[in-house]
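# Architecture and fold: a report
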Amino acid sequence: MTYDDTHPGTDGTTDARVDETHLDFENSESRVSELLRAAAERAVPLVEGTEDAALGMPTPCAEYDVRALLNHLYAVVVNFQALAAKGSADFSEIPDRTAGPGWREGFAVETRRLVEAWAAPGAEEGTSGAMGLPARTVGAMVLLDLTVHAWDLARATGRGFEPAPEVVAGLAGEVERMAPMARKMGVFGDGVDLPDGVTEFERLLAVTGRDPRAWPEA
C-alpha cells in the first residue's frame, strides 16, 4: 500500500498515542513555518505548472491520478491551517478543486495561508488534533505531505523535483520513527530497499513505501 495520508491522530478516527518517538522533531530548533515556507516554494510552482491534459495521469500513489492527488493536497493545506489554530480537520469529503477556474492560483493562496497559520503565535505549542498529538508532530505531518506529494506530482508529470535540504534534514529522523506506527495504520507502505549511494531524500521516500527507481526523472 502506498502512502495515503490518513493523517492518524488529526481527525479522531485513528487510534494514535503520543509517545517519545515524536520528541526529536518536537524539540528541534527549526520552526515549522520556516520549513513549510521552504517546502511551499518548491511545491507551488509544480502545481501551477500542471497542465489540464495531465490530470488523468497515474502517480506514485496508486490510488490517485494527478487530479485526485491535487485535490488531496489541496485538502491537506486547508485542513492543516485549522489544525495549526487547534481546530479540527475533516477529510471526509474532498471536493474537485480542479473542476473550476483558478485552482492553481487558489492552491498558492491556501499554501501561503498554511505557512502563515503555522507562523502564528502558539501554533507550535501544546497539542493539536482530536487525538492530542504534539503540535510540532502535526506540523511534521503536513510538511511531509507537502514535500512527498510534490515529488509524486513531479514524477507523474515527467518533471524533476529537488526538495529543500533543510526540509529533508528535518524530516528524515521523524519519518523513520513514525514508520512502524504509520505502516500499522496503513499510512505508509512497506519500506523499499535501496542500494548504497542514494540520496537522503530517496531514502526518505523509500521509508514511506515509494521506490524512486520506479519513477525516474524524465
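Criteria and cut-off values
- Residues numbered from 1 in each chain as written.
- Predicted model: local features only at pLDDT ≥ 70, side-chain atom pairs only at ≥ 80, totals over all residues.
- Heavy atoms only, no water.
- Helix = DSSP H or I, 4+ residues; strand = E, 2+ residues; numbered from the N terminus.
- Buried < 20%, exposed > 50% of the residue type's maximum accessible area, 1.4 Å probe, protein only.
- Contact = heavy atoms within 4.5 Å.
- Areas by Shrake-Rupley, 256 points an atom, 1.4 Å probe, with all protein chains shown as cover.
- pLDDT = per-residue confidence, 0-100.
- Expected span 1.5 Å × (residues − 1).
- Bend = angle between axes of the 7 residues up to and from the residue.
- Core = buried A, V, L, I, M, F, W, Y, C linked by side-chain atoms within 4.5 Å.
- Phe/Tyr/Trp six-rings, centres within 6.5 Å; stacked < 30°, edge-to-face > 60°.

### A look at the overall build of the protein
Counting its secondary structure elements, the protein contains 7 helices and 2 strands. Each helix (α) and strand (β) of the protein, taken in turn from the N terminus, gives the series α-α-α-α-β-β-α-α-α. Taken across its 218 residues, the protein has 51% of its residues classed as buried. Here the contacts in the protein between residues at least 6 apart in sequence split such that 73% fall between residues at least 24 apart. Carbon and sulfur atoms form 49% of the exposed surface of the protein, whose accessible area is close to 9800 Å².

### Focus: the confidence of the model for the protein
Averaged over all residues, the pLDDT of the protein is 86; the fraction at 70 or higher stands at 86%. Confidence, read as mean pLDDT per element, is least for helix 1 (residues 23-26) in the protein (50) and greatest for helix 4 (residues 103-119) (98). Of the regions scoring below 50 in pLDDT, residues 1-23 engages in 80 contacts with residues more than four places distant in sequence or in other chains.

### Details of helix 2 (residues 32-48)
The first and last C-alpha atoms of helix 2 sit 23 Å apart over 17 residues, in line with the 24 Å expected at 1.5 Å per residue. Helix geometry: helix 2 is bent most strongly at Ala 40, by close to 30°. Those residues of helix 2 lying buried are Val 32, Ser 33, Leu 35, Leu 36, Ala 38, Ala 39, Ala 40, Ala 43, Val 44, Leu 46 and Val 47.

### With respect to unusual backbone geometry
Residue Lys 86 is not a glycine yet carries a positive backbone phi of 65°. With respect to the element layout, Lys 86 can be found in the loop between helix 3 (66-84) and helix 4. We classify Lys 86 as partly exposed; its relative accessible area is 36%.

### Observations concerning the nonpolar core
Core analysis: the largest hydrophobic core is formed by 63 residues, its most contacted members being Leu 36, Phe 80, Trp 118, Leu 146 and Phe 188. In terms of residue count, the dominant contributor to this core is helix 5 (residues 135-156) (13 residues).

### Structural notes on the packing of aromatic side chains
Summed over all chains, the structure comprises 2 aromatic pairs. Both rings, one in Tyr 74 and one in Phe 107, keep their centres 5.8 Å apart while their planes meet at 70°; by these two values the pair is edge-to-face. You can see Tyr 74 sitting in helix 3 and its partner Phe 107 sitting in helix 4, a full 33 residues away along the chain. Residue classification places Tyr 74 among the buried residues on the basis of a relative accessible area of 7%.

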